[in-house]
Amino acid sequence: MRIAVTGANGFIGQTLCPLLQEQLRADLVSLTRNPSSIANQRLLLSANDDELITALRGADCLIHLAARAHTYNSTAADFERDNIALTARIARLCVAAKVPRLIYLSSIKVNGESTNKRAPFSADELPHPEDIYGKSKLASEQILKQELANAATEWVIIRPPLVYGNHNKGNLLTLENLISTRIPLPFKNIKNRRDLVSIENLCSLIALSVMHPNAANETFLVSDGVSRSTKDIIQLLANRKGKAVIFFPLHDWAFKLLKKIKPQAIERLTGDLQVDIEKTKTLLGWNPHT
């Protein structure tokens, strides 16, 4: 089996590629901005389309991981180039090279920012992205479907919530740094419910989606199947690092005051974000490992 991967050098790609080689005996082709040492064949996205089309012929699947993820210091033009335009190009390359399946890693932010006072997000509900990143991922999904609408290439869309692993970035890295300071953290009484997905669970679903017949032209949500409070999430990160963490309670009024100053940051720490993965489990027979 021959599988092409964009973003092979990234956080997810570095775990996914060895898994594809081990489980599927995949011959890997990496499409990156920088050379990858993981794959059997390396292609630069700076190459012209004709070169890439020739190289992709015979591939059984292309997994599109590459994207701009964080809004810090990013402009609308950055997201247009790195998410929307790149996805459109990848889709056209797959059509031209007759790649049977394209898996696109999207984001739960396509659904929205929180599930406070509502049911968990589901895969087929009306999207409601709120920030520039979520909107760019929705636009990427839409253009992907448009480009493949009359083509033989099937699409699969996977929307993960926050992904954690051994080399975390962004908000999870910030929490890990707080854990390392050994400073007591004020989340003892936080009872919010948030879904995360381990990089191992996410990669197992992606690998399953490469060939599963029921995955064709479907959108899936993924998680560990366990909703956690902020305290639970921090304890999970601490356990993976083999570190101890101390919690103390902070009154609700203090979090409400802080939310007026840093609304998005406090919402992520105290709000709910749950996802319904029943469709994923039923259609694909997939279950997360806890």
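A brief report on the enclosed structure follows. (Residues numbered from 1 in each chain as written. Predicted model: local features only at pLDDT ≥ 70, side-chain atom pairs only at ≥ 80, totals over all residues. Heavy atoms only, no water.)

Our focus in this paragraph is helix H3 (residues 76-97). Taking 1.5 Å per residue as the helical rise, H3 with its 22 residues ought to reach 32 Å, and the 30 Å between its terminal C-alpha atoms agrees with that figure. In H3, a bend of some 30 degrees at Leu86 exceeds every other bend along the element. Of the residues one or two after H3, Lys98 is the one with positive phi, at around 60 degrees. (Helix = DSSP H or I, 4+ residues; strand = E, 2+ residues; numbered from the N terminus. Expected span 1.5 Å × (residues − 1). Bend = angle between axes of the 7 residues up to and from the residue.)

On to the packing of helix H8 (residues 252-261) against helix H9 (residues 263-270). Packing of H8 against H9 leaves a shortest axis separation of 6 Å and a crossing angle of 140 degrees. Put simply, H8 runs oblique to H9. Contact with H8, carried on its side by Phe255, Leu258, Lys259, Lys260 and Ile261, involves Pro263, Ile266, Glu267 and Thr270 of H9 and no other residues of that element. In terms of residue class, the contact of H8 with H9 is made up of 5 nonpolar, 1 polar and 3 charged. (Axes fitted to C-alpha atoms, helices over the stretch in contact; angles between N-to-C directions. Parallel < 35°, antiparallel > 145°, perpendicular 65-115°, else oblique. Contact = heavy atoms within 4.5 Å. Nonpolar A, V, L, I, M, F, W, Y, C, P; charged D, E, K, R; others polar.)

Let us now look at the sheet that holds strand S8 (residues 194-198). Strand order across the open sheet formed by 3 strands is S7-S8-S10, with mixed pairing between neighbours. On the outer flanks of this sheet lie strand S7 (162-164) and strand S10 (227-228), each paired with one strand and no other. Relative to S10, S8 is paired through 2 bridges, and the arrangement is antiparallel. Opposite Arg194, over in S10, you have Arg228 as the bridge partner. (Pairing = 2+ DSSP bridges.)

So, on to the environment of Glu267. Along the chain, the position of Glu267 falls in helix H9. With a relative accessible area of 15%, Glu267 lands in the buried category. With 153 residues separating them along the chain, Glu267 and Ser114 place their C-alpha atoms 8.3 Å apart. Setting aside its immediate chain neighbours within four residues, Glu267 contacts Ser114, Asn116, Arg194, Lys259 and Asp272. (Buried < 20%, exposed > 50% of the residue type's maximum accessible area, 1.4 Å probe, protein only.)

This part covers the nonpolar core. If you look at the biggest cluster of nonpolar residues, it comprises 38 residues, and the most contacted ones within it are Val5, Leu20, Ile63, Ile158 and Leu202. Looking at this core, the elements that each hand over two or more residues are strand S1 (2-6), helix H1 (13-23), strand S4 (61-64), strand S5 (101-105), strand S6 (154-159), helix H6 (199-209) and strand S9 (218-221). Ranked by residues supplied to this core, first place goes to H6 with 6 residues. Filtering out sequence-adjacent residues up to four positions away, Leu202 remains in contact with Ile12, Leu105, Ile158, Pro160, Val163, Val197 and Val222. Listed in part, the 26 residues of the second largest apolar core include Val29, Ala47, Leu62 and Leu148. (Core = buried A, V, L, I, M, F, W, Y, C linked by side-chain atoms within 4.5 Å.)

Judged by side-chain polarity, Trp253, Leu257, Leu258 and Ile261 come together as a nonpolar surface patch covering roughly 450 Å² of accessible area. Tracing the backbone shows Leu258 in helix H8. (Patch = residues over 30% accessible without salt bridge, like charges linked within 9 Å, V, L, I, M, F, W, Y side chains within 5 Å. Areas by Shrake-Rupley, 256 points an atom, 1.4 Å probe, with all protein chains shown as cover. Salt bridge = Lys/Arg side-chain N within 4 Å of Asp/Glu carboxyl O.)

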